[in-house]
Every structure is written in structure tokens, then in C-alpha cells.
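Structure assessment
If you want the building blocks of each chain, they are given just below.
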Amino acid sequence: MFLTTSVHFLFLVFLGMLSLVLLLIIAVLIYSFYQYRESLQAFRWSEVINKKISEVIVYSEEEIPANSNFSAASGNASFRNLFLQRLAESEKKFSGAAQNKLKDLFQEYSLQEEALKKLNQKKEHIIAGGIQELTAMQVEEALPKISTFLTHPSAQVYQEAQYAMVNFKGFEGLHFLNSISSKISEWQQLRLLISITNIPENSGESIKIWMESSNDSVVIFTLKLLRKFQVLSLYSTVTDVLDHPSVDVRVQAVQTLLSLENSSTIGDLMEVYPQQPIEVQKEILKVMKKSKDQCCTDFLKDQLLNTPDSGIKVYAAEALCALEKQEYLTKLSQKENSSEELIQIIKYALQEKVC
């Protein structure tokens, strides 16, 4: 009797597990079918949207043929969202009149509200997408709302907000640099630099504040900004950064001094050279190579002969080649007391010069 009951119980358990597995399989199949239909629909909509965008760009308003498929789908929320994404993506590929036509299309179908709604969502990628779309379509009235995302915890969101501020307001939009504590990535720095077309004459005080920031990436970005716009008046501010705690910042400062070069640059670099880390010393030697200033010849010879670091010797030899000191290097390599390492470094530098 007990054995029969146990077998019956195990059968019911097995039957229950089998039913559960079947239900899971059915659920997965239904979900997969749904996803397939969604993907297929998105693909079809993409074709309709791309055709509409192409027609708007190629033809004048009077020549645009009627598109019943587009008109029928234009009221669907998912279609409008996809349409908005495609417009924002297409805006990056065009300029001038074509870009203006895309913005007209954005206005014609009242997609601004669609994009603004995304700023009230909780998902980070949706908020970032909304900021991207409003920026691409130049919806300037959205700036007050976008500015609130400058302190958002998500990098994806606050980076788009930073880019939007600079895209709309240029140099003035960089005000977030005064208080930003997060790192500005190299890619983000490039985006911001591209968006800035000029620096106002009264920008010196703001730039000096950024140069004193405790955020290394802010200082590095500011140095790149000075290089791009050749702000010669802040040369002394850049030299002050050569004692910055960060090696990366010092390297950027050396590169900026090359860009802002004046008659005292090489002398200034030789003066600070002994106190610099190896990475910065190498960068200074690169600057001397590019400058081709004959006043650093003796300095470079000293580095080639007396420094223990092989990398420094290589950069010094290359710089001497740039200064047309091949004869000196050749004679040095032929001396009996020259080390094998020195001879190989000189040969390498001379071969590089020939190449």
C-alpha cells in the first residue's frame, strides 16, 4: 500500500515537472515569435522611413511623391520613436540644406514631444537617447531640462548633457567644468573640442580656473583647448602646470608649449627638465626634435652621452638627427670607447633619418 502511494506521488511530481517544462517551452516559443514579429516590423518600418528621408533630401517639397505606407504608420508610437532615432542618426551624415530639411521633417511630424518625454524616463539609455535627439534637431528650448542631467550619476547621460550644452552654447556651455568631479574621457574631450568654434576674448579667467582644477581630465581638456585655439596669452599659465602632480597633465602641458612656442620655450623646458619624470623628459625631447632649435644641441649631446636610460638616449639621438648632426653621431659611433648600446642607438637614429 505504501509503495503504491509513493509511486503515485512520484508520477504526479513527474507529471507536474513535465507540464512546467512544456509551459516554459510554449512561453519561449511565443516570446520568440513576438520578438521576430517586432524585428520584422522594425525592418519594414526602417525601409519606409529611409525612403521618406531620402525623398525629402533629394526632391523639392512639390516633387515628393505620396507615401501611403508612411502616412498610415506615422501615428503609431513605436514607428514615431524609430522615425525620431533615424532622423537623429541621419543628421550626423548631412550638412547645410539637407540637414535643414531633416529638421523641417522633425517639426512637421511634431516629434519634439516624443523626444522630450524621454527626458522623464528612468532608464539611462532612453534619457541619453532623448538628449541626443533634441541636440541633433537643435531644440534649444530643451536646454534648461537637459542642464539638470549634468550631475546625473550615469556617465552615458551626463556625457550627452555635456555635449548638448557645448553644441548649443559653444564655449559658454563649458561652465560645467567649474565643478565636475568625474573623468572626461578622451572621446568625450574630442567631441567637446569639435563643437567649440571659438574662444571669447574675456575667457582667460575661466580657463585659469579650469587649469587649477583638482580634476586632472579638466586640466588636460583645457590644455587641448589652448592648443586648438593657439591662446598665446596663457603661455605662462601652461608653464606653471609643469609641476602638476599628474604625469599625464605634465605631458599635455609640454605638448601645449610646443603649440604656443615662443623664443623662450626651449630654454624653459631645459630648465625644468631635470625635475621631470622620465615620461615627461621624453616628451620634452620630442618637442626639441620638432622645434629643430640649435640652442639645445649641447643639451641633447649631454643626454645622449650621460643619461642611464636607453629610451632617453634614443630620443636624444633622433633629436640630434633632426638638427642635422649626423656627422657628429657618425663619428661618435666610430669611437673605440663608445658602448655597443650607444652604437646601436645611433645607427637606429641615422636609419630613421634616412627613412
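See the structure printed just above.
Read on for a plain summary of the structure. In this text, all values refer to a predicted model and were calculated from it rather than measured experimentally.

Basis of the calculations
Residues numbered from 1 in each chain as written. Predicted model: local features only at pLDDT ≥ 70, side-chain atom pairs only at ≥ 80, totals over all residues. Heavy atoms only, no water. Helix = DSSP H or I, 4+ residues; strand = E, 2+ residues; numbered from the N terminus. Rg over C-alpha atoms; globule rule 2.2 N^0.38 Å. Buried < 20%, exposed > 50% of the residue type's maximum accessible area, 1.4 Å probe, protein only. Contact = heavy atoms within 4.5 Å. Areas by Shrake-Rupley, 256 points an atom, 1.4 Å probe, with all protein chains shown as cover. Lys, Arg positive; Asp, Glu negative; His and termini not counted. Charge placed at Lys NZ, Arg CZ, Asp CG, Glu CD. Patch = residues over 30% accessible without salt bridge, like charges linked within 9 Å, V, L, I, M, F, W, Y side chains within 5 Å. Salt bridge = Lys/Arg side-chain N within 4 Å of Asp/Glu carboxyl O. Core = buried A, V, L, I, M, F, W, Y, C linked by side-chain atoms within 4.5 Å. Disulfide = S-S within 2.5 Å. Expected span 1.5 Å × (residues − 1). Phe/Tyr/Trp six-rings, centres within 6.5 Å; stacked < 30°, edge-to-face > 60°. Lys NZ or Arg CZ within 6 Å of the ring centre and 35° of its normal. Axes fitted to C-alpha atoms, helices over the stretch in contact; angles between N-to-C directions. Parallel < 35°, antiparallel > 145°, perpendicular 65-115°, else oblique. Left-handed = near helix turned anticlockwise from the far one by under 90°. Nonpolar A, V, L, I, M, F, W, Y, C, P; charged D, E, K, R; others polar.

The helix and strand inventory of the chain stands at 19 helices and zero strands. Scaling as 2.2 N^0.38, a compact globule of 355 residues should have a C-alpha radius of gyration of about 20 Å, whereas the chain reaches 32 Å, well beyond that. Taken across its 355 residues, the chain has 44% of its residues classed as buried. In the chain, of all internal contacts separated by at least 6 residues, the share reaching a separation of at least 24 is 65%. Of the accessible surface of the chain, which amounts to about 20,400 Å², a share of 54% is contributed by carbon and sulfur atoms. Between the averaged position of the 35 positive side-chain charges in the chain and that of its 42 negative side-chain charges there is a distance of 5 Å.

Here we come to a negative patch on the surface. A contiguous patch of negative charge, built from Glu186, Asp216, Asp248 and Glu279, is present on the exposed surface. Mapped onto the secondary structure, Asp216 falls in helix α11 (residues 216-229). The class for Asp216 is partly exposed, based on a relative accessible area of 32%.

Glancing now at the nonpolar core. The biggest cluster of nonpolar side chains holds 97 residues, and the ones touching the most others in it are Leu87, Ile131, Leu174, Leu177, Leu300 and Leu304. Looking at this core element by element, the count peaks at seven residues for α11. If we skip the residues at most four places from it in the chain, Leu174 touches Val166, Ile196, Trp210, Phe221 and Leu225.

As used here, a disulfide is simply a covalent bond connecting the sulfur atoms of two cysteines. Considering all chains together, one arrives at zero disulfides under this definition. With no disulfide of its own, Cys295 has Cys296 as its nearest cysteine by sulfur position, at a separation of 5.3 Å.

This paragraph deals with α11. For α11, spanning 14 residues, the distance from its first C-alpha to its last is 20 Å, which sits close to the expected 20 Å at 1.5 Å a residue. Among the 14 residues of α11, 10 are classified as buried, and the element is accordingly described as predominantly covered. If you check which residues of α11 are buried, you get Ser217, Val218, Val219, Ile220, Phe221, Thr222, Leu223, Lys224, Leu225 and Leu226. Packed against the buried residues of α11 are α9 (186-195), α10 (204-211), α12 (235-240) and α13 (247-259).

A few words on the packing of aromatic side chains. Applying the stated rule across the entire model yields four aromatic pairs. Consider the rings of Phe83 and Tyr109, whose centres lie 5.7 Å apart with planes at 80°: the pair is edge-to-face. In this pair, Phe83 is assigned in helix α3 (residues 77-91) and Tyr109 in the loop between α4 (96-108) and α5 (112-118), connecting sequence segments 26 residues apart. With relative accessibility at 16%, the residue Tyr109 sits in the buried group. Taken together, the aromatic side chains of Phe79, Phe83 and Tyr109 make up a single cluster linked through ring pairs. Here the guanidinium or amino end of Arg191 rests over the ring plane of Tyr163, the centre of that ring lying 4.1 Å away.

A cluster of nonpolar residues, Leu12, Phe14, Leu15, Leu18, Val21, Leu22, Ile25 and Leu29, forms a patch on the protein surface that exposes about 730 Å² of accessible area. Inspection of the secondary structure puts Leu18 in helix α1 (residues 2-58). Leu18 sits in the partly exposed class, given a relative accessible area of 38%.

Its identity as a non-glycine residue notwithstanding, Ser110 has a phi of 50°, on the positive side. Its place among the elements puts Ser110 in the loop between α4 and α5. You will see that Lys292, though not glycine, has its phi angle at about 55°, which is positive. Structurally, Lys292 can be placed in the loop between α15 (278-291) and α16 (297-306).

Another aspect to go through is the packing of α3 against α4. Two elements in contact, α3 and α4, have axes whose closest approach is 10 Å; the angle formed by their N-to-C orientations is 165°. Overall, the two elements α3 and α4 adopt an arrangement that is roughly antiparallel. In this structure, α3 meets α4 at a crossing whose hand is left-handed. Contacts between α3 and α4 pair Phe83, Leu84, Leu87, Ser90 and Glu91 from the former with Gln99, Leu102, Leu105 and Phe106 from the latter. Its residues assigned to classes, the contact of α3 with α4 shows six nonpolar, two polar and one charged.

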